[in-house]
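Coordinate inspection notes
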Amino acid sequence: MKALRVLILKDYDTSIIRIINILERNEFYLDICDNVNEFLEYTYYNHYDLYIIDIDDRNKSRFKLIKLLNEYQDKTMKLVIARRPNIIKASFLYGCDECIVKSIDENELLLRIKALIRREYKVHSDLISLSNNLVYDIFRKKILKNKSEILIGEKPLQIIAYLLKYRGLFVSSKNLENGVYPANSNNKNGSIRFHVHKIRQVIGEDLIISNRTNGYKINIQ
């Protein structure tokens, strides 16, 4: 899971450090913050694959953060770390995607994170088939052809990943732009068209269907 980027909102309790250490050992990219305002600032400048939000009896206001993220239609998976079991029910009621207690062991933590990412892609494996000999690795964020990596650049990969999450549906240019560029970006639709053109050049014309009215759709079985 070397390519996964995680934003952690930690508590004053040092027990969260154990979970941070587990993620570092497994080579996640981590950004760590101490308060809600800092958390929101990170989300303004970056995209993440997972939010980890530490909640205990002293900072229940963080439930409102989860609700706010959902109201803004932030699709990033939200994992709550709870010190006590009474936090779990409220976390789900406010809209988290998963909640675990801090005493969780390393293997279970990693399995639950993998399950969240797979849920986002609506798959049960690490690979999504793009064609007979082409696959996308959702955890390493790589396209492989006959097990060899195809290099197409970061933004084209992000476009493919976003469209895979909504495969079978057209995604508007605006939503695709919001899905691959952070909120502070000034990039417009022309940038998306440029990267889609590169994808078609490297991988093939048929992978992404475009429609002036409806946007873009990834074309896989």
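See the structure shown above.
We now turn to the structure provided with this report.

Cut-offs and rules
Residue indices begin from 1 for each chain and proceed along its sequence in written order. With the structure being a predicted model, the display of local features is reserved for residues of pLDDT at least 70 and the display and counting of side-chain atom pairs for 80 or more, all residues being used for whole-chain, interface and lining totals. Side-chain numbers here rest on the full set of heavy atoms in the structure, without hydrogens or water. Should DSSP find at least two bridges between two strands, the strands are regarded as paired. Under the scheme used here, helices are H or I runs from DSSP no shorter than 4 residues and strands are E runs no shorter than 2 residues, and both carry numbers assigned from the N terminus. Every axis in this analysis is a line fitted to C-alpha atoms, fitted for helices over the stretch in contact. Angles between the N-to-C directions lie between 0 and 180 degrees. It only takes one pair of heavy atoms within 4.5 Å for two residues to be counted as in contact. Small angles under 35 degrees read as roughly parallel and large ones over 145 as roughly antiparallel, with 65 to 115 read as roughly perpendicular and the rest as oblique. Working rule for handedness: look at the near helix, and if it is turned counterclockwise from the far one by less than a right angle, call the crossing left-handed; if clockwise, right-handed. We define a polar contact as two N or O atoms separated by no more than 3.5 Å, with the added condition that, inside protein, one atom must be a possible hydrogen donor and the other a possible acceptor, whereas residues neighbouring each other in sequence contribute only through side-chain atom pairs. Partly exposed residues are those whose accessible area sits between 20% and 50% of the maximum for their type, while under 20% is buried and over 50% is exposed, using a 1.4 Å probe and protein chains only. Throughout, the arc means that of the directions going from the helix axis to the C-beta atoms. Aromatic pairs are defined between Phe, Tyr and Trp rings, using the six-membered ring for Trp, whenever the two ring centres lie within 6.5 Å; interplanar angles under 30 degrees are classed as stacked, those over 60 as edge-to-face, and all others as tilted. For a ring to carry a charge above it, either NZ of a lysine or CZ of an arginine must fall within 6 Å of the ring centroid while also lying within 35 degrees of the normal to the ring plane.

**Looking at the sheet that holds strand 4 (residues 77-82)**
Overall, parallel pairing links the five strands, which are arranged 2-1-3-4-5 in an open sheet. On the outer flanks of this sheet lie strand 2 (29-33) and strand 5 (98-101), each paired with one strand and no other. The sheet shows a mean angle of 20° between the axes of neighbouring strands, direction not considered. Two elements, strand 1 (residues 5-9) and strand 3 (residues 50-55), share four bridges in a ladder whose sense is parallel. Within strand 3, the position partnered with Leu-7 by the bridge is Tyr-51. Contacts between helix 1 (residues 16-25) and the sheet are confined to strand 1, strand 2, strand 3 and strand 4, with strand 2 contributing the most and set at about 160° to the helix. Strand contacts of helix 2 (residues 36-45): strand 1, strand 2 and strand 3, with the helix running at about 145° to strand 2, the strand carrying the most contacts.

**Quick word on the packing of helix 1 against helix 5 (residues 106-121)**
The N-to-C vectors of helix 1 and helix 5 enclose an angle of 70°; their axes lie 11 Å apart at closest approach. Considering the angle they form, helix 1 stands roughly perpendicular to helix 5. Considering how the two elements wind past one another, helix 1 and helix 5 form a crossing that is right-handed. Contact residues: Ile-19, Ile-22, Leu-23 and Arg-25 in helix 1; Glu-106, Leu-109, Leu-110 and Ile-113 in helix 5.

**Regarding the side chain of Lys-165**
Note on placement: Lys-165 falls in helix 6 (residues 154-165). Among the polar contacts listed, one links the side chain of Lys-165 to the side chain of Glu-120, at a separation of 3.4 Å. When residues no more than four places from it in sequence are discounted, the contact partners of Lys-165 are Glu-120, Tyr-121 and Lys-122.

**With respect to the side chain of Thr-43**
The topology assignment puts Thr-43 in helix 2. Overall, Thr-43 belongs to the buried group, its relative accessible area being 17%. Discounting chain neighbours no more than four positions away, the residues touching Thr-43 are Leu-7, Tyr-48 and Tyr-51.

**Brief notes about helix 3 (residues 62-71)**
Among the residues of helix 3, Arg-62, Phe-63, Leu-65, Ile-66 and Leu-69 are the ones counted as buried. Buried residues along helix 3 cover an arc of 155° about the axis, so they all sit on one side. Facing away from the buried side of helix 3 by over 90 degrees, the exposed positions are Lys-64 and Glu-71. Contacts made by the buried residues of helix 3 are with strand 1, helix 2, strand 3, strand 4 and helix 4 (86-94).

**Digging into the packing of aromatic side chains**
In total, this model carries six aromatic pairs according to the counting rule given. Relative to Tyr-45, the ring of Tyr-44 has its centre 5.0 Å away and its plane inclined at 90°; by these criteria the two rings are edge-to-face. Looking at Tyr-44, the relative accessible area reads 41%, which means it is partly exposed. Each ring, one from Tyr-162 and one from Tyr-166, has its centre 5.1 Å from the other, and the planes form 40°; the classification is tilted. Assessed through its relative accessible area of 16%, Tyr-162 is described here as buried. Its relative accessible area of 25% is what places Tyr-166 among the partly exposed residues. Three or more aromatic residues joined by ring pairs make a cluster, and in this case those are Phe-39, Tyr-48 and Tyr-51. If you follow Lys-114 out to its NZ or CZ, it ends over the ring of Phe-139, 4.9 Å from the centre.

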